[in-house]
Amino acid sequence: SYSYVEYGELRKFTGDIKGEIIKSRNFQLVQSKPAPIARDESVYNIIARIKKGSFPNADYVLFGRVSEMNFNDGVYQVSNNMNNQILGLTLVAEFSLINTKTFEVIASFTATGDGQDTKIISPGRFTAPNRALVVARVSKSLGEDVLKQIDSQVFGNMSTEVGYGENR
């Protein structure tokens, strides 16, 4: 087991967030310019990035930061001859939807993504949980929660372009 902190744009969980926003048909996504990679607080200064033109043609920017990421890896005895091996991941991120013209925060929320893989094994046998499946499930549920939060806070039919910038 190991932990590390990586500064820069979160690129591993954004596909499903973008996909859910596109499926909603309320927004049109535009690609942003990449954030600086150096360990620097400027990566979090979203207003400065908007002013520098990092999100061309965007009316709004969805900006988020991971606040918690928790793995659970355990083996639990189900019966005398069976164990249940579970690998789970929960990811919590805080988001703001920012108007690029006024810098007003249009929506602000915390979204959660959860995923797990469960294997039932007999004594003396070994199997590895599918980490890729767990990450895919976390990404999918995070994307669904982000869209649910945006839908609940942003009223009216906003058919505009949204830039996407998420950092960890």
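Within each chain, residue numbers correspond to sequence positions counted from 1 in written order. Predicted model: local features are reported for residues with pLDDT of at least 70 only, side-chain atom pairs are reported and counted for 80 or more only, and whole-chain, interface and lining totals are derived from all residues. Excluded from the side-chain calculation are hydrogens and water; included are all heavy atoms of the structure.

## Observations concerning the pairing of strand β4 (residues 105-121)
This is how the line gets drawn: Strand pairing requires that DSSP identify at least two bridges connecting the strands. Each helix is a run of H or I in the DSSP string that is no shorter than four residues. Each strand is a run of E no shorter than two, and both are numbered from the N terminus.
The sheet contact formed by strand β3 (residues 82-99) and β4 spans 16 bridges and is antiparallel. When the sheet's bridge partners are listed, glycine 88 is paired in β4 with glutamine 116.

## Concerning the packing of aromatic side chains
Put simply, the test is: Any Phe, Tyr or Trp ring, taking Trp's six-membered ring, that has another such ring centre within 6.5 Å forms a pair; planes under 30 degrees apart are called stacked, those over 60 apart edge-to-face, and the others tilted. Each residue is placed in one exposure class: buried if its accessible area under a 1.4 Å probe, protein chains only, is under 20% of its type's maximum, exposed if it is over 50%, and partly exposed if it falls in between. By definition, being over a ring means that NZ of Lys or CZ of Arg is both within 6 Å of the ring centre and within 35 degrees of the ring normal.
Scanning all chains against the criterion turns up one aromatic pair. For the pair phenylalanine 95 and phenylalanine 109, a centre-to-centre distance of 5.4 Å together with 20 degrees between the ring planes defines the contact as stacked. Here phenylalanine 95, found in strand β3, pairs with phenylalanine 109, found in strand β4; they are 14 residues apart in sequence, far enough to count as distant. The class of phenylalanine 95 is buried, set by a relative accessible area of 1%. For phenylalanine 109, a relative accessible area of 5% translates into the label buried. Against the face of phenylalanine 71 rests arginine 131, its NZ or CZ located 4.9 Å from the ring centre.

## So, the confidence of the model for the chain
Short version of the rule: Per-residue confidence from the predictor is reported as pLDDT, a score between 0 and 100. Whether two residues are in contact is decided by their heavy atoms: any pair within 4.5 Å suffices.
Across the chain, the average pLDDT comes to 80, with 77% of residues at 70 or higher. Taking the mean pLDDT of every element in the chain, the minimum, 48, falls on strand β5 (residues 160-167) and the maximum, 93, on helix α3 (residues 131-153). Ignoring residues within four places in sequence, the model shows residues 157-161, a span with pLDDT below 50, making 16 contacts including any to other chains.

## Thoughts on the side chain of asparagine 99
Quick reminder of the rule: Two N or O atoms form a polar contact when they lie within 3.5 Å of each other; inside protein one atom must be a possible hydrogen donor and the other a possible acceptor, and for residues adjacent in sequence the pair counts only when both atoms belong to side chains.
Its location among the elements puts asparagine 99 in strand β3. Note on asparagine 99: relative accessible area 12%, which makes it buried. A distance of 3.1 Å separates a polar atom in the side chain of asparagine 99 from the backbone nitrogen of threonine 102. When neighbours within four sequence positions are excluded, asparagine 99 is seen to be in contact with Asp59, Tyr60, Glu104 and Ile106.

## Some remarks on the environment of isoleucine 150
Inspection of the secondary structure assignment puts isoleucine 150 in helix α3. Residue isoleucine 150 is classed as buried on the basis of its relative accessible area of 3%. With 88 residues separating them along the chain, isoleucine 150 and leucine 62 place their C-alpha atoms 9.8 Å apart. Here isoleucine 150 is in contact with Ile21, Phe27, Leu62 and Phe109, once residues within four sequence places are set aside.

## Topic: the environment of alanine 136
Mapped onto the secondary structure, alanine 136 falls in helix α3. On the basis of relative accessibility, which here comes to 42%, the residue alanine 136 falls in the partly exposed class. For alanine 136 and glycine 115, which are 21 residues apart along the polypeptide, the C-alpha to C-alpha distance reads 7.7 Å.

## Points about unusual backbone geometry
A positive phi angle is found at arginine 25, which is not glycine, with a value near 60 degrees. Summarising the element assignment, arginine 25 is placed in the loop between α1 (14-24) and β1 (27-30). Here arginine 25 falls in the exposed class, since its relative accessible area comes to 72%. The phi torsion at asparagine 57 lies on the positive side, around 70 degrees, for a residue other than glycine. Mapped onto the elements of the fold, asparagine 57 is located in the loop between α2 (46-51) and β2 (60-79).

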